[in-house]
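Here is how the chains run, residue by residue.
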Amino acid sequence: MRYVKAFGRFWFDFVVGEDWRIAAGVVAVLAVGALALRAELVSDSLLAVLLAAAIVVVALVSVRSAGYGEATRP
Amino acid sequence: MTSAQAGLLSAVFLASAVEFVEAFTIVLAMGVTRGWRSALWGTVAGVAALALVTAVAGYALVEWIPESALQLAVGTLLLIFGLQWLRKAILRAAGLKDLHDEDEAFRTESAAGLSARPQQRLGLDWFAFVVSFKAVLLEGLEVVFIVITFGVNADSIPLASAGAAAAGVLVLVSGAILHRPLARVPENTIKFAVGLLLATFGTFWSIEGLGVVTDSRDSLDWPGGDLAILALLVIWCTVSWLAVLELRRAAPQEA
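For clarity, every value in this text was computed on a predicted model and none was experimentally measured.

Here the focus is the overall build of chain B. Check the secondary structure of chain B and you find 8 helices and 2 strands. Relative to the compact-globule value of 18 Å for 255 residues, chain B shows a C-alpha radius of gyration of 20 Å, a close match. If one aligns the C-alpha atoms of chain B with their principal axes, the spans along those axes are about 65 × 55 × 25 Å. Buried residues in chain B amount to 48% of all 255 residues. Long-range pairs, those at least 24 residues apart, make up 86% of the contacts in chain B between residues at least 6 apart in sequence.

Structure below.
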């Protein structure tokens, strides 16, 4: 069991890395995108642009949060 | 060569080069402090394990997962992985995370090699074998991940493998000639470039792969087709540069 946990932990760290919010944010953005696509709310092209913008926001939130955390560390 | 294939080759070559440089430093430290035979056997075992993982994972992905679902799943993984690389690179460039230093890594590994007790197994210095094996396997796994994700999405695993192999040969030959850590390779800059490429292609492919949820299961159309890749690269470069500038201002100034 210990080895299974260690194996799972390794792959979690490998893919998800230091900030789980990136993985969660990306998955959330794509899930919303999938729903919008199914519902045909906007055109494919516009949806692609909106989703890309949302992914950039996810990245920026993670970077700024980590950056300001490091900058204010005593 | 398409833009996807050119991006594939650049990203895999650069990512492989930095990972191989890091693995080379550790193997070199083991070879110098504990003996080359065990360090090289550890390297060979690591490369063999990586080849096995690549073959099994690549085959399983392509054979068992439908192509449209694969594009979304692999694109998403690549995007998450790429954003982690880019995040670290931005923090390093802003001075908020330590830069990777091969000379320092070599000193640390050499000190560990000199202080470890001798232990023989299978006629090998076990410490040197295990450390070399782990270095090659762990650094190489990132390369395998990039080779498979890029290769599957650009439909060219052989091209991706060739890019990785070329980087490996270049690092090995340079290391063999210099016989010291490859500290002059601009690793941190290269990692930044790889982060940008992974984020760009990950964004493109993961969103394109959303087409799997439609009735036709066709890939989602980006405005401008493949040219959107270039636009995404420009956007990621600009956003990253602005983030570095902002965080540099926030970083504590050294006296």
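Moving on, there is more to tell.
All right, on to the overall build of chain A then. For chain A, the count of helices and strands is 3 helices and 0 strands. Order of helices (α) and strands (β) in chain A, N terminus to C terminus: α-α-α. Taken over C-alpha atoms, the radius of gyration comes to 17 Å for chain A, far larger than the 11 Å a tight globule of 74 residues would show. On the principal axes, the C-alpha backbone points of chain A span a range of 45 × 40 × 10 Å. In chain A, which comprises 74 residues, the share counted as buried stands at 27%.

Positive phi, close to 50°, is recorded for E40 of chain A, a residue that is not glycine. The topology assignment puts E40 of chain A in the loop between α2 (20-39) and α3 (44-71). Unusually for a residue other than glycine, L122 of chain B sits at a positive phi of about 55°. If you trace the backbone, L122 of chain B turns up in the loop between β1 (120-121) and β2 (124-125). When the 8 C-beta atoms within 10 Å are taken as the criterion, L122 of chain B is described as exposed.

With that out of the way, let us pick up the interface of chain B and chain A. Contacts between the two partners involve 32 residues from chain B, matched on the other side by 32 residues from chain A. For the side of chain B that touches chain A, the secondary-structure elements that each account for two or more residues are α3 (67-93), α7 (187-208) and α8 (227-250) of chain B. Grouping the amino acids of the side of chain B that touches chain A by side-chain chemistry returns 25 nonpolar, 5 polar and 2 charged.

As a further point, take helix α1 (residues 3-34) of chain B. Residue and element names in this part refer to chain B. Over its 32 residues, α1 extends 46 Å from the first C-alpha to the last, a length consistent with the 46 Å expected when each residue adds 1.5 Å. Of all 32 residues in α1, 25 are buried; the element is thus mostly enclosed. G35 occupies a position one or two residues after α1 and carries a positive phi of about 120°.

Now for the packing of α1 of chain B against helix α2 (residues 36-64) of chain B. Residues and elements named next belong to chain B. Relative to each other, α1 and α2 sit at 155°, their axes nearing to 7 Å. When the axes of α1 and α2 are compared, the pair comes out roughly antiparallel. Contacts between α1 and α2 pair V27, M30, G31 and R34 from the former with W36, S38, A39 and T43 from the latter. For the contact of α1 with α2, the residue count by class is 4 nonpolar, 3 polar and 1 charged.

Below, the discussion takes up the environment of F204 of chain B. All names here are of chain B. Locating F204 in the fold gives a position in helix α7. Note on F204: 26 C-beta atoms within 10 Å, which makes it buried. In the structure, F204 is positioned 157 residues away from V47 in sequence and 31 Å away in space, judged by C-alpha atoms. The contacts of F204, once residues within four sequence positions are left out, are W222, A228, I229 and L232.

Residues and elements named next belong to chain A. By the secondary structure assignment, F7 is in helix α1 (residues 2-16). Residue classification places F7 among the exposed residues on the basis of 10 C-beta atoms within 10 Å. Separated by 34 residues in sequence, F7 and L41 have C-alpha atoms that sit 41 Å apart.

What counts as what
Residues numbered from 1 in each chain as written. Chains lettered and ligands numbered in written order. Predicted model: local features only at pLDDT ≥ 70, side-chain atom pairs only at ≥ 80, totals over all residues. Helix = DSSP H or I, 4+ residues; strand = E, 2+ residues; numbered from the N terminus. Rg over C-alpha atoms; globule rule 2.2 N^0.38 Å. Buried ≥ 20, exposed ≤ 12 C-beta atoms within 10 Å, placed from the backbone. Contact = placed C-beta atoms within 7 Å. Nonpolar A, V, L, I, M, F, W, Y, C, P; charged D, E, K, R; others polar. Expected span 1.5 Å × (residues − 1). Axes fitted to C-alpha atoms, helices over the stretch in contact; angles between N-to-C directions. Parallel < 35°, antiparallel > 145°, perpendicular 65-115°, else oblique.

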